[in-house]
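Coordinate inspection notes
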Amino acid sequence: MKAPAGRYLLAWEQQQLDRVVADIFGYHAVQVGWPMVQALRCSRISHRWLLNDGQLDADLGGGEGALPVSVLTDYDTLPFPSNSLDLAVLPHTLEMTADAHHTLREVERVLMPEGRVVIVGFNPTSLWGLCHQLDTIGRRVGMTSPVMSETGEFIGPRRLRDWLRLLGFEIESGHFGCYRPPFASQGWLDRSAWWDQAGERWWPVFGSVYVLTAVKRVRAMRLLGPEWKRKRRVGTAPAAVAQRQPHTTPGTSRNTTE
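Residues numbered from 1 in each chain as written. Predicted model: local features only at pLDDT ≥ 70, side-chain atom pairs only at ≥ 80, totals over all residues. Heavy atoms only, no water.

**A few points about the environment of Val118**
Residue placement: Val118 occurs in strand S5 (residues 111–122). With near-sequence residues (within four places) excluded, Val118 lies in contact with Leu17, Val20, Ile24, Leu87, Ala88, Val89, Leu90, Val211, Leu212 and Thr213. (Helix = DSSP H or I, 4+ residues; strand = E, 2+ residues; numbered from the N terminus. Contact = heavy atoms within 4.5 Å.)

Written out as structure tokens, the structure reads:
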């Protein structure tokens, strides 16, 4: 990705992913799509995979965090058994798949209970989201990026939170970033560096990109036993209390008056 806005985007996403995955432990982790960013290079999980659908070239060379295994597959059918992964990272994956909700259900299937999913996406209520919707106008004023041309529909963080809750996930953390306009010129992009500090302070929810972390929760069941046993236990409890006699020591009388 050679565009100035693209390099600016990848640098922020790489920094955030390095910070988030470093504190997640387990045995198996997978990055689903977007091979231009090494989402698991700082992960302490030993077994790691990169899933690619073939639309983007995977660059796995360079860096000690390069993923050891790359798998060509369809995101709608992940090649893992149910409840087998501890971590799944989706960098802009939901924006590039044909059925984002189905892909998210597949991620829920392969994650173990208490497993985590980290999702990176574009915020539609931002400058980048506005340029994506008004692509023709954005090109005329020089606010465009090849990054957004490769993506489909932007999924807002509030909408994504609702999807995750319906699938049994609990939101753990979220962060917004990339407040600069997507200028095609490196000079204009550098001049707007103050937007990042101002955006984090004054309008944090309008960041162009967000990183969301959620935990898969599975409610535990309590075995109560057959219904007839519970009814019998409740019915015999008062009788047992009624049969209890007061304790008297040998050689003493219950009547103390003569």
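Alright, that's what it looks like, and here's the rest.
**Overview of empty space enclosed by the protein**
Summed over the entire model, instances satisfying the criterion amount to two cavities of 30 Å³ or more. Each pocket or cavity is described by its volume, and for the second largest cavity that value is around 30 Å³. Contributing to the lining of the second largest cavity are His92, Leu94, Glu95, Ile119, Val120, Gly121, Ile155 and Tyr210. Of all elements in the fold, only helix H2 (93–96) and S5 reach the threshold of two or more residues within the lining of the second largest cavity. In terms of residue count, the dominant contributor to the lining of the second largest cavity is S5 (three residues). (1 Å grid on protein atoms, 1.4 Å probe; cavity = no way out; pocket = protein on both sides within 12 Å on 5 of 7 lines; lining within 4 Å. Points joined across faces, edges and corners; volume = space filled by probe spheres on them.)

**A short note on the packing of helix H3 (residues 100–110) against helix H7 (residues 157–166)**
Relative to each other, H3 and H7 sit at 45°, their axes nearing to 11 Å. Judged by the angle between their axes, H3 and H7 are oblique. You can see that H3 and H7 cross each other, and the crossing is right-handed. Residue-level contacts link Ala100, His101 and Leu104 of H3 to Leu160, Trp163 and Leu164 of H7. For the contact of H3 with H7, the class distribution of residues is five nonpolar, one polar and no charged. (Axes fitted to C-alpha atoms, helices over the stretch in contact; angles between N-to-C directions. Parallel < 35°, antiparallel > 145°, perpendicular 65-115°, else oblique. Left-handed = near helix turned anticlockwise from the far one by under 90°. Nonpolar A, V, L, I, M, F, W, Y, C, P; charged D, E, K, R; others polar.)

**A short note on the pairing of strand S2 (residues 47–52)**
Remark: a regular strand shows side chains that alternate across the two faces of the sheet. Where burial is concerned, most of S2 is hidden: five out of the six residues are buried. Across five bridges, the pairing between strand S1 (residues 28–32) and S2 is parallel. Considered in S2, the bridge of Val32 is made with Leu51. Sheet topology places S2 next to strand S3 (residues 69–72); four bridges connect them, and they run parallel. Residue Trp49 lies in a different strand from S3, and its bridge partner there is Val69. (Buried < 20%, exposed > 50% of the residue type's maximum accessible area, 1.4 Å probe, protein only. Pairing = 2+ DSSP bridges.)

**Considerations on the pattern of salt bridges**
Pairs can form between side chains of opposite charge once their charged atoms are near each other. One pass over the structure, following the stated rule, counts eight salt bridges. For Lys216, the salt bridge identified is with Glu108, shortest N-O distance 3.7 Å. Here Lys216, found in strand S7 (residues 209–216), pairs with Glu108, found in helix H3; they are 108 residues apart in sequence, far enough to count as distant. A relative accessible area of 23% places Glu108 in the partly exposed class. (Salt bridge = Lys/Arg side-chain N within 4 Å of Asp/Glu carboxyl O.)

**Observations regarding H7**
Every buried residue of H7 is accounted for by Pro157, Leu160, Trp163 and Leu164. Projection of H7 onto a plane perpendicular to its axis shows the buried side chains occupying an angular sector of 115°, all on one side. Opposite its buried face, H7 presents the exposed residues Arg158 and Leu166, each directed more than 90 degrees away. On its buried face, H7 sits against H2, H3, S5, strand S6 (169–177) and S7. Just downstream of H7 lies Gly168, where phi reads positive at about 90°. (Arc of directions from axis to C-beta.)

**Topic: the nonpolar core**
Ranked by internal contacts, the top residues of the largest apolar core, which has 30 residues, are Leu90, Leu104, Leu160 and Leu164. Going through the elements one at a time, S1, S2, strand S4 (85–91), H3, S5, H7, S6 and S7 are the ones with two or more residues in this core. Ala5, Val37, Ile45 and Val209 belong to the second-largest nonpolar core, a separate cluster that totals 27 residues. (Core = buried A, V, L, I, M, F, W, Y, C linked by side-chain atoms within 4.5 Å.)

**Here's the deal with H3**
Here H3 has its buried residues at Ala100, Thr103, Leu104, Glu106, Val107 and Val110. Relative to the axis of H3, the buried residues are bounded by an arc of 155° and lie together on one face. In this structure, the buried side of H3 is in contact with S4, H2, S5 and H7.

That is the geometry; function is a separate question.
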